[in-house]
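Coordinates in review
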Amino acid sequence: MVKAGRAAATWRAYREVSKVGSPGLRARLRAVPRMLRAAVKGDYPGLTKGKIAMLGMAVAYIVSPIDVVPDFLLGIGVVDDFGVFLWLATALLGESGQFVEWERSPRATVK
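Thresholds, definitions, all that
Per chain, the residues get numbers from 1 upward, laid out in the order the sequence is written. Local features in this predicted model are restricted to residues of pLDDT 70 or higher, and side-chain atom pairs are both shown and tallied only at a pLDDT of 80 or more, whereas totals for entire chains, interfaces and linings draw on every residue. To obtain the side-chain values, all non-hydrogen atoms of the structure were included, while hydrogens and water were left out. Only runs of H or I of at least four residues qualify as helices and only runs of E of at least two qualify as strands under DSSP, and these elements are numbered from the N terminus. Relative accessibility decides the category of a residue: with a 1.4 Å probe and only protein chains considered, values under 20% of the type maximum give buried, values over 50% give exposed, and everything between is partly exposed. For every accessible area listed, the method is Shrake-Rupley and the probe measures 1.4 Å; residues are considered covered only by the protein chains on display. The term nonpolar core refers to a set of buried residues drawn from Ala, Val, Leu, Ile, Met, Phe, Trp, Tyr and Cys, joined through side-chain atoms within 4.5 Å. Whether two residues touch is decided by their heavy atoms; if any such pair falls within 4.5 Å, the residues are in contact. Residues enter a patch when their relative accessible area is above 30% and they make no salt bridge; the linking distance is 9 Å between like charges and 5 Å between nonpolar side chains (Val, Leu, Ile, Met, Phe, Trp, Tyr). Here, a salt bridge means any side-chain nitrogen of Lys or Arg that lies within 4 Å of a carboxyl oxygen of Asp or Glu. Pairs were defined over the aromatic rings of Phe, Tyr and Trp, the Trp ring being its six-membered one, requiring ring centres within 6.5 Å. Orientation was assigned from the angle between planes: stacked under 30 degrees, edge-to-face over 60, tilted for the rest. Between the N-to-C directions of two axes lies an angle of 0 to 180 degrees, each axis being a line fitted to C-alpha atoms and, for a helix, fitted only over the stretch in contact. By definition in this entry, angles of less than 35 degrees are roughly parallel, angles greater than 145 are roughly antiparallel, angles of 65 to 115 are roughly perpendicular, and the rest are oblique. Only Asp, Glu, Lys and Arg are considered charged in this grouping, and only Ala, Val, Leu, Ile, Met, Phe, Trp, Tyr, Cys and Pro are considered nonpolar; every other residue, Gly among them, is considered polar.

**Quick word on the overall build of the chain**
For the chain, the helix and strand inventory stands at four helices and zero strands. Put simply, the chain has 111 residues, and 30% of those count as buried. Carbon and sulfur atoms make up 69% of the accessible area of the chain, which totals about 7600 Å².

Quick look at the structure:
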């Protein structure tokens, strides 16, 4: 059931990126560093410190040699890392799309 939820979230992110008028994949990926900088400085209210912490923990889990399911268990050892990667990619694409829309709005004040 969890895998189906991740797959559905990934599909929704793909459809959002592909939608006409929505920021494309390249614009979203290029916006990630700006979004993180603006959020840390407090300029962008859409990305809270809790969300930044969750994104950081996901990156740490992916690169960490310590896993819930060891990678040497072929077939299932990589699944947990891939699930976390899918969540991270989906979250970053969604958040960066909202950030690009926020930047385009006349009220945005990015310094």
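And the narrative resumes.
**Details of the nonpolar core**
One finds Met35, Tyr44, Leu47, Leu55 and Phe99 to be the most contacted residues of the largest nonpolar core, which totals 13 residues. Contributions of two or more residues to this core are made by helix 2 (25–41), helix 3 (49–63) and helix 4 (79–104). Discounting residues that sit within four places of it in the chain, Phe99 has contacts with Ala31, Arg34, Met35, Ala38 and Tyr44.

**Quick look at a nonpolar patch on the surface**
Together, Met54, Met57 and Trp87 give the surface a local cluster of nonpolar side chains, amounting to about 320 Å² of exposed area. By the element assignment, Met57 lies in helix 3. With relative accessibility at 51%, the residue Met57 sits in the exposed group.

**Some thoughts on the pattern of salt bridges**
The tally for this structure, following the rule as stated, stands at four salt bridges. A salt bridge links Asp43 to Lys41; the nearest nitrogen and oxygen atoms lie 3.9 Å apart. Residue Asp43 is classed as buried on the basis of its relative accessible area of 16%. Residue Glu95 pairs with Lys51 through a salt bridge whose shortest N-O separation is 3.3 Å. Residue Glu95 is found in helix 4, and its partner Lys51 is found in helix 3; the two are separated by 44 residues along the sequence. In this structure Glu95 comes out as buried when scored by relative accessible area, which is 12%.

**Comments concerning the packing of aromatic side chains**
Counting across every chain of the model gives four aromatic pairs. In textbook terms, an aromatic cluster arises when at least three aromatic residues are bridged by ring pairs, as seen for Tyr44, Phe99 and Trp102.

**With respect to the packing of helix 2 against helix 4**
It is the contact of helix 2 with helix 4, at a shortest axis distance of 8 Å, that shows an interaxial angle of 80°. One element, helix 2, and the other, helix 4, form an angle in the roughly perpendicular class. Of the residues in helix 4, those touching helix 2 at Leu25, Ala27, Arg28, Leu29, Ala31, Val32, Arg34, Met35 and Ala38 are Leu92, Leu93, Gly94, Glu95, Ser96, Gly97, Phe99, Val100 and Glu103. Of the residues contributing to the contact of helix 2 with helix 4, the split by class is eleven nonpolar, three polar and four charged.

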